[in-house]
Amino acid sequence: MDIAKLEMIKEAIKARESAVIAFSGGVDSTTLAALAFEILGEKALAVTIDSPLFPRQQLETAAQTACEIGIQHKILPFSLNSVPYFSANTINRCYFCKKALLETLVEFAEKTGYNVVLEGTNASEIKGENRPGYRAIEEAGEKILSPFVEFNITKEEIREIASNRSLSAANRPSAACLATRIAYGQPITTEALEKIEKAEDYLLSLGFTQFRVRMHSNLARIEVTGEEFEDALRKKEKISRHLKALGFDYVTLDLEGFRSGSMDEPHMQKKTEEKEETERQETEEE
């Protein structure tokens with residue numbers, strides 16, 4: 001870890017004098033909250049947004065992690081009804097959601113006298129082509145500070161910072177909101193989110209560590225890591241039985257295993273094919 005970059009982050013936080021930290025309890029926001037608390041003390045407040053998109057288990061983890069850090073922690077209720085266009089679940093749904101979440105945090109910070117909202121997007125996350133959520137962060141301007149992006153801190157470096165501070169989140173698996181489990185174009189409903197959350201809670205109870213239950217219509221597509229694939233096969237009957245009891249019609253195991261952003265793959269493949277076709281036509285015209 002580049003010590004100079006870490007010092008620049010600390011100076012940037014110190015210059016704001018007080019801050020609300022967008023806090024999910026994941027390694028990024030936990031590390032950011034720990035740094036803010038080191039620098040600002042009681043002038044730092046971790047805020048967790050509570051909505052149907054945020055699993056109950058993660059909410060409990062966030063509260064426990066804030067207590068571990070020692071930072072003040074507040075949970076803000078958030079209604080999906082306040083997010084226009086979100087439930088339609090288009091390819092840019094994250095933009096609408098992130099924009100509404102940031103507006104909620106900024107409004108809270110302004111009302112309670114905090115100077116800035118810190119959020120934990122890291123340099124590793126903004127390299128993909130489909131990053132509508134980050135566009136909402138950029139549009140927020142100076143009201144939001146994303147120090148891990150500003151000072152080019154990768155996920156690996158964040159885990160190193162967390163490990164050096166003995167934070168329990170240091171090796172915590174990556175998480176994402178429940179909406180990322182639903183195929184684009186399929187409406188996001190409270191019922192679907194609850195079904196997915198219960199399915200993932202069950203897999204967690206069986207000992208799986210890094211996984212997703214993706215929803216396509218009423219089919220559950222399970223992604224697990226390569227190391228846990230055989231375990232999923234051994235437990236296939238009980239998994240299938242339980243998920244069908246939750247209301248899924250079909251239960252499948254993805255042969256490609258766990259990977260972030262798998263719902264984007266058909267979209268990205270289509271874009272690649274369109275680009276190749278355009279280049280082919282241009283070559284023929286020459």
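Note that this is a predicted model, so its numbers are computed, not measured.

K.L.:
Quick rundown of the sheet that holds strand S4 (residues 116–118)? Include the residues and the values.
P.N.:
An order of S3-S2-S1-S4-S5 is seen for the five strands of this open sheet, with the pairing classed as parallel. The two strands at the open ends of the sheet, each matched to only one other strand, are strand S3 (72–77) and strand S5 (144–145). When strand S2 (residues 44–50) meets S3, the two strands line up parallel, connected through six bridges. Within S3, the position partnered with Ala 46 by the bridge is His 73.

K.L.:
Kindly report on unusual backbone geometry, identifying the contributing residues and their values.
P.N.:
Phi is positive for Asn 89, which is not a glycine, with a value near 60°. Along the chain, the position of Asn 89 falls in the loop between S3 and helix H4 (93–112). By relative accessible area, Asn 89 is classed as buried at 0%. Even without glycine at this site, Ser 217 takes up a positive phi of about 55°. Tracing the backbone shows Ser 217 in the loop between strand S6 (211–216) and strand S7 (219–224).

K.L.:
An account of the layout of surface pockets is needed here, citing residue identities and associated values.
P.N.:
Approximately 170 Å³ is the volume found for the second largest pocket. Along its surface, the second largest pocket is lined by Ile 222, Val 224, Ala 232, Leu 233, Lys 236, Glu 237, Ile 239, Ser 240, Val 251, Thr 252 and Leu 253. Going through the elements one at a time, S7, helix H9 (229–234), helix H10 (236–245) and strand S8 (250–253) are the ones with two or more residues in the lining of the second largest pocket. Considering every element that reaches the lining of the second largest pocket, the biggest residue donor is H10, with four residues. Of the residues in the lining of the second largest pocket, the class split is seven nonpolar, two polar and two charged.

K.L.:
Give me the lowdown on the pairing of strand S1 (residues 19–22), citing residues and values where you can.
P.N.:
The side chains of a regular strand alternate between the sheet's two faces. By the alternation rule, side chains of S1 split into Ala 19 and Ile 21 and Val 20 and Ala 22, which are all buried. Note: S1 against S2, four bridges, orientation parallel. Among the inter-strand pairings, Val 20 is bridged to a residue of S2, identified as Leu 45. Each parallel crossover has a hand, and for S1 linked through helix H2 (residues 27–40) to S2 it is right-handed. Bridge count between S1 and S4: three bridges; the pairing is parallel. Its bridge partner being in S4, Val 20 is matched across the sheet by Val 117.

K.L.:
Describe the side chain of Thr 225, listing the residues and the values that go with them.
P.N.:
By the secondary structure assignment, Thr 225 is in the loop between S7 and H9. The residues touching Thr 225, leaving out its near neighbours within four places in the chain, are Gln 210 and Phe 258.

K.L.:
Explain the pattern of salt bridges to me, using residue names and the numbers behind them.
P.N.:
Applying the stated criterion across every chain, the model contains 18 salt bridges. Residues Arg 214 and Glu 223 are paired through a salt bridge, measuring 3.2 Å at the closest nitrogen-oxygen approach. The two residues Arg 214 and Glu 223 agree in class, both being buried. Through salt bridges with shared partners, a single ionic network connects Arg 214, Arg 221, Glu 223, Asp 254, Glu 256, Arg 259 and Glu 265.

Quick notes on the rules
- Residues numbered from 1 in each chain as written.
- Predicted model: local features only at pLDDT ≥ 70, side-chain atom pairs only at ≥ 80, totals over all residues.
- Heavy atoms only, no water.
- Pairing = 2+ DSSP bridges.
- Helix = DSSP H or I, 4+ residues; strand = E, 2+ residues; numbered from the N terminus.
- Buried < 20%, exposed > 50% of the residue type's maximum accessible area, 1.4 Å probe, protein only.
- 1 Å grid on protein atoms, 1.4 Å probe; cavity = no way out; pocket = protein on both sides within 12 Å on 5 of 7 lines; lining within 4 Å.
- Points joined across faces, edges and corners; volume = space filled by probe spheres on them.
- Nonpolar A, V, L, I, M, F, W, Y, C, P; charged D, E, K, R; others polar.
- Right-handed = clockwise from strand over helix to strand, strands pointing away.
- Contact = heavy atoms within 4.5 Å.
- Salt bridge = Lys/Arg side-chain N within 4 Å of Asp/Glu carboxyl O.

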